[in-house]
Structure formats: structure tokens, C-alpha cells
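# Understanding the architecture of this molecule
In case you want the letters, here they are:
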Amino acid sequence: MGRAFVYVILGGGVAAGYAALEFARRGGYSRGELCIISEEAVAPYERPALSKGYLLPEGAARLPGFHTCVGANDELLTPKWYKEQGIELVLGTKVISADVRRKTLLTGTGETISYKTLIIATGARALKLQEFGIQGSDASNICYLRNIDDADKLVSVMKSCPGGNAVVIGGGYIGMECAAALVTNKIRVTMVFPEKHCMGRLFTPKIAEFYENYYTSKGVTFVKGTVLTSFEKDMTGKVTAVILKDGRHLPADMVVVGIGIRANTSLFEGQLMMSTENGGIKVNGQLQTSDSSVYAVGDVAAFPIKLFDDDIRRLEHVDSARRTGRHAVASILDPSKTRDIDYLPFFYSRVFTLSWQFYGDNVGEVVHFGDFTSSSPRFGAYWVNKGRIAGAFLEGGSREEYEAISIAVRREAVVTDMGELEKQGLALAIQE
Ligand code: FDA
Ligand code: NAD
């Protein structure tokens with residue numbers, strides 16, 4: 001049993017959706033030559049919605065409203081769109097092995113799918129507590145959040161305990177966004193994480209302090225510098241309390257876990273060159289792997305960032321997935337006209353009425369600016385490395401202001417006087 005395609009996109013997430021859009025725009029394939037294979041049962045969608053609009057108590061986002069590529073104010077790629085474009089969606093289908101030399105993929109249903117060109121867009125999976133030796137983390141009221149099934153479970157568990165207690169494990173993106181969503185759903189939240197402050201991968205202590213104070217004002221309790229060791233359960237196997245390393249018992253009607261991800265590289269280990277330090281599939285500026293017929297995009301790809309002197313990075317953010325997805329297709333269909341990707345890393349989050357954006361790299365000395373105390377805060381930070389702006393963060397900015405900081409980072413604006421930079425703050429980026 002088998003099917004043959006010219007182009008196969010393996011994975012049906014954000015990067016796949018944007019790659020499909022690029023194929024359709026460029027039209028470099030015939031009907032039936034291109035397919036997307038996805039373990040998920042639905043067409044590609046904007047994953048960020050799962051921790052935001054999807055969890056709203058009223059007027060929650062639901063498919064088809066957030067299929068790609070609505071996040072970039074582009075077309076809404078519904079199943080009907082794929083049909084019209086002659087792109088086959090092979091949904092609810094897991095690829096269980098890949099043979100790069102033979103150019104074939106084997107699915108869980110025993111089908112062999114062959115390709116001439118493959119785009120790997122397998123993204124990442126959520127790390128599980130059992131991988132850290134915590135037993136019993138498959139209880140019905142413990143939630144992870146990576147895909148729409150996880151989000152449905154989270155919504156249903158949340159609805160089962162109005163006014164109850166949630167323990168959120170992890171102080172990263174999932175922890176922060178889910179904590180905000182839980183509070184909005186009138187659930188009391190305690191956040192537990194091992195670091196000194198939230199969002200340790202990006203925030204400075206001063207920035208983190210602002211968000212922690214804001215969350216505290218919304219009723220969130222922070223338990224920092226410790227981890228959980230086990231769960232207490234009732235007769236039905238539901239978690240009733242989380243037990244911490246320092247001995248504390250936190251009552252829990254539900255638990256949300258966001259302790260990081262691992263890129264889904266396993267199908268290709270030993271076949272393609274990996275970036276061991278980044279935990280992803282290594283690609284060049286055309287998003288091409290060590291096999292010239294295979295490309296990798298999105299969370300699974302480790303690619304050179306020109307702005308960082310071609311340092312290889314694996315980014316776990318939606319803008320990177322969108323752009324690398326499109327760039328790979330441009331490289332495949334029009335290699336002579338497609339330059340190496342020149343990507344400016346961009347991360348963002350929205351919680352409660354807050355909203356921040358970050359551009360570049362958080363390396364070097366930090367200078368904070370703006371108003372951290374007002375009820376409508378507008379503040380930020382620059383990271384200065386080797387006398388130039390390497391990264392910039394802004395909370396509460398306008399569209400123009402976000403664009404201004406992104407340009408300052410892109411231009412690597414020269415900084416001669418840190419005191420002056422602090423005094424000027426956002427004005428520096430605006431007058432650039
Ligand atoms: P993605 O994970 O989207 O897709 C991978 C696809 O591959 C899935 O469909 C999966 O089922 C499939 N797959 C994997 N292995 C397979 C196999 N063997 N066979 C078949 N199919 C397989 N970023 C940001 O910048 N701002 C934000 O606000 C957010 N918010 C956010 C919320 C939540 C809840 C999550 C989980 C993530 C975010 N992100 C984010 C991160 C962002 O969503 C992420 O970077 C992109 O989804 C990555 O896109 P990919 O297409 O690479 O992977
Ligand atoms: P993360 O890397 O942002 O945070 C992981 C957190 O897990 C750390 O901050 C740490 O506090 C905690 N942690 C690690 N080991 C732990 C342990 N043993 N016990 C307790 N806590 C532990 O990962 P995440 O929050 O799980 O997010 C998953 C992915 O989803 C990331 O790729 C992220 O970029 C993406 N995401 C992005 C956004 C956004 O960009 N706005 C929003 C949601 C999710």
C-alpha cells in the first residue's frame with residue numbers, strides 16, 4: 001500500500017500551514033502532487049490561540065476561526081481551501097518511520113508515502129513530568145498544552161471546578177499564559193517553578209517583578225525556587241494536592257504543567273545532521289538539511305541567524321515557524337532567486353490586558369526604561385552587546401513603537417553612553 005507525492009510536508013502545524021500558503025501563492029505544483037501529513041485530526045491552525053482565545057470563559061475562539069494563516073492577517077486556510085488548491089490533507093496520521101535514502105515515510109496505518117522533496121515540520125512535544133521521575137502525572141485533572149486535544153481537556157477540567165484551586169507547574173510561557181486564563185475563569189492559581197523569577201529564559205529580574213506583582217494583584221500566588229515531588233490523589237485517582245520538595249502541600253482541583261518542550265527530531269536521528277546544542281535538525285540558510293531533498297522548518301529546525309553572525313538557533317515561536325515555512329517553499333520552488341533567510345527573532349505574549357514584544361537576542365548588559373508602575377504600563381529594556389543594541393523588549397507599546405524597537409535591533413544601533421540610553425529609553429528607537 002502506498003502513495004507518491006512530489007512534495008510532502010510532514011507535520012500539520014503552524015509552519016505547515018504557512019508553507020502551504022506559499023506553495024499556493026507560487027503555484028509550483030500540480031493537483032495531487034503536494035500533501036500535508038499530520039497526526040492531528042484538523043487542518044493546520046494558529047497554535048498560540050490555544051493558550052489565549054481558546055481558554056476565554058465567553059466568546060472563546062474555536063475552529064475554523066483560527067486556522068492558519070489568520071494570525072498573519074492572511075487567508076483562512078480551511079479544509080475547503082486545501083481542496084480548492086489541490087493540496088491533500090492526510091490527517092489523523094502519524095508517521096512512525098522515515099527512510100531518507102529511499103525518500104519514503106511509513107505511517108501508523110502501514111502506508112508508505114514517497115516524496116521527491118520533504119519539508120519536516122514536526123514541531124515539538126511537551127515534556128512530561130514522568131520524564132523528571134514524577135509518578136502519577138497521567139491523572140485526569142493534570143493538563144498539558146500543546147495541541148487542540150490538550151486544550152479541550154484543559155477547558156473541560158477548568159469547567160469542572162469553578163471557584164477551585166489550580167496549581168500551575170512551570171514559570172515559562174505556558175505557565176504564565178495559562179495562569180492568566182485560569183484567573184479569568186475564576187480559578188485560584190498557585191504557580192510553582194524552580195527559578196528565582198518567572199520567564200527566566202527571557203525576562204530580567206526587574207521585568208519579571210513587574211509581571212509577578214501584576215499576577216499577584218490578580219490573586220495568583222507564586223512559590224518559587226522549588227519543584228514538586230509527588231501528588232496526593234483521591235479514590236478515583238484524581239489529584240487533590242501537589243506536594244513540593246520543601247514539604248508543602250498545595251490543595252489542587254486541577255494541575256497545569258508547562259515545563260518546556262523537545263523538538264520532534266527522532267524520525268531523522270542518524271539520517272540527518274542534528275544541532276546537538278540546540279536539539280533540532282540542522283539546516284542552512286535555505287532551510288535545507290544535510291540531505292538536499294529534505295528541508296526542516298519551525299520549532300524542529302536549527303537555522304543560522306545572519307544578525308547573530310550566523311549563529312545557529314532553534315526558535316520556539318510562531319513568527320519563526322511562519323517565516324521559515326514560507327522561506328523553505330521559496331527555496332524549493334525558486335532556488336536561484338531565494339537568498340538565505342535573514343531572520344530577526346521575534347517573541348511576544350498577551351495576558352490579561354498586558355501585551356509585550358521582544359526582538360533580537362537577550363545578551364549583554366541591560367538598560368531598563370519607561371514606567372513600570374502606572375496602571376497602563378509602558379516600559380521596556382535594551383540589551384547592549386559589544387556597544388550595540390542586541391535585543392529590545394517593550395510592554396504596552398503602540399504598533400509604531402514596536403516597529404521602532406525592532407528596527408533599532410535590526411540596525412544594531414550603536415550605544416556610546418549607557419546612561420544616555422537609559423534616559424532616552426523608547427525615544428532612542430523612535431528617533432533612529
Ligand atoms: P507545531 O507544533 O505547530 O506543529 C507540528 C505538527 O507536526 C503537529 O501538527 C504535530 O501533530 C505534527 N507531527 C509531529 N510529529 C508527527 C509525526 N510523526 N507524524 C505526523 N505528524 C506529526 N509562539 C509565539 O511566538 N507566540 C505565542 O503567543 C505562542 N503561543 C503558544 C501557545 C501554545 C499553547 C503553544 C503550544 C505554543 C505557542 N507558541 C507561541 C509557539 C508556537 O505555537 C510554535 O512555535 C509553533 O506552533 C511551531 O510551529 P511548527 O509548525 O514548527 O510546530
Ligand atoms: P518554557 O521553556 O517557556 O518554560 C519552561 C518552564 O518550566 C521554565 O520556566 C521552568 O520554570 C519550568 N520547569 C522546568 N523544569 C521543571 C521542573 N522539573 N519542575 C517544575 N518546573 C520546571 O516552556 P513552556 O512554558 O512549557 O512552553 C512550551 C513551548 O510553548 C515553548 O516552546 C514556548 O515557546 C511555547 N509557547 C510560547 C508562547 C509565546 O511565545 N507567547 C506561549 C505559549 C507557549
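Each chain carries its own residue numbering, running from 1 in the direction its sequence is written. Chains carry letters and ligands carry numbers; both start at the beginning, A for chains and 1 for ligands, and go up in the order they are written. For a predicted model such as this one, the threshold for reporting local features is a pLDDT of at least 70, and the threshold for listing and counting side-chain atom pairs is 80 or more; totals across whole chains, interfaces and linings nevertheless cover every residue. As a rule here, side-chain values cover all heavy atoms of the structure and leave hydrogens and water aside.

## Focus: the site of ligand 2
The line we're drawing: Each residue is tested against the molecule or strand, and it is near if at least one of its non-hydrogen atoms lies within 4 Å. Polar contact is the term for a pair of N or O atoms within 3.5 Å; when the atoms are in protein, one must be able to donate a hydrogen and the other to accept it, and sequence-neighboring residues count only if both atoms are side-chain atoms. Surface accessibility in these figures is a Shrake-Rupley result with a 1.4 Å probe; residues are shielded only by whichever protein chains are displayed. In DSSP terms, a helix is any run of H or I states spanning at least four residues, a strand is any run of E spanning at least two, and both are numbered starting from the N terminus. Amino acids outside the nonpolar list (Ala, Val, Leu, Ile, Met, Phe, Trp, Tyr, Cys, Pro) and the charged list (Asp, Glu, Lys, Arg) are all regarded as polar, and Gly is one of them.
Not every one of the 21 residues close to ligand 2 is listed here, only the nearest: Ile174, Glu177, Glu195, Glu316 and Tyr348. One of the backbone N or O atoms of Ile174 is found 2.8 Å from an oxygen atom in ligand 2. Separating a nitrogen atom of ligand 2 from a backbone N or O atom of Tyr348 is a distance of 2.8 Å. Starting from 840 Å² of accessible surface for ligand 2 in isolation, the protein chains cover 85%. Mapped onto the shell around ligand 2, the elements with two or more residues apiece are helix H4 (173-184) and strand S24 (346-351). Per-element accounting of the shell around ligand 2 gives the leading share, three residues, to H4. Here the shell around ligand 2 is built from residues that sort into 10 nonpolar, seven polar and four charged.

## Some details on the environment of Gly86
Note the threshold: Burial status follows relative accessibility: with a 1.4 Å probe on protein chains alone, a residue under 20% of its type maximum counts as buried, one over 50% as exposed, and anything between as partly exposed.
With respect to the helices, strands and loops of the structure, Gly86 is situated in the loop between helix H2 (79-85) and strand S4 (87-90). Among the residues examined, Gly86 registers a relative accessible area of 8% and is labelled buried. Between the C-alpha atoms of Gly86 and Gly32, which are 54 residues apart in sequence, the distance is 5.9 Å.

## Structural notes on unusual backbone geometry
In this model, Leu63 is joined to Pro64 through a cis peptide bond whose omega is 10°. Among the secondary structure elements, Pro64 is positioned in the loop between strand S3 (34-37) and H2. In this structure, the amide linkage connecting Thr68 to the following residue, Cys69, adopts the cis form with an omega of 10°. Summarising the element assignment, Cys69 is placed in the loop between S3 and H2. With phi around 50°, Asn73 is a residue other than glycine that occupies positive phi space. Its place among the elements puts Asn73 in the loop between S3 and H2. Of note, the phi angle at Asp309 is positive, near 55°, even though the residue is not glycine. One can find Asp309 in the loop between strand S22 (301-305) and strand S23 (311-313). With a relative accessible area of 72%, Asp309 lands in the exposed category.

## Description of the nonpolar core
The following threshold applies: We call a set of buried residues a nonpolar core when its members are Ala, Val, Leu, Ile, Met, Phe, Trp, Tyr or Cys and they connect through side-chain atoms within 4.5 Å of each other. Working rule for contacts: check all heavy atoms of both residues, and any pair within 4.5 Å makes them a contact.
Core analysis: the biggest nonpolar cluster contains 134 residues, and Met191, Phe203, Tyr211, Met254 and Trp356 have the highest contact counts within it. With residues up to four places along the chain from it excluded, the contact list for Met254 reads Asn141, Cys143, Leu154, Val157, Met158, Cys161, Asn165, Ala166, Val167, Leu182 and Ile187. Ranked by size, the runner-up nonpolar core spans 19 residues in total, among them Ala126, Val167, Val223 and Leu250.

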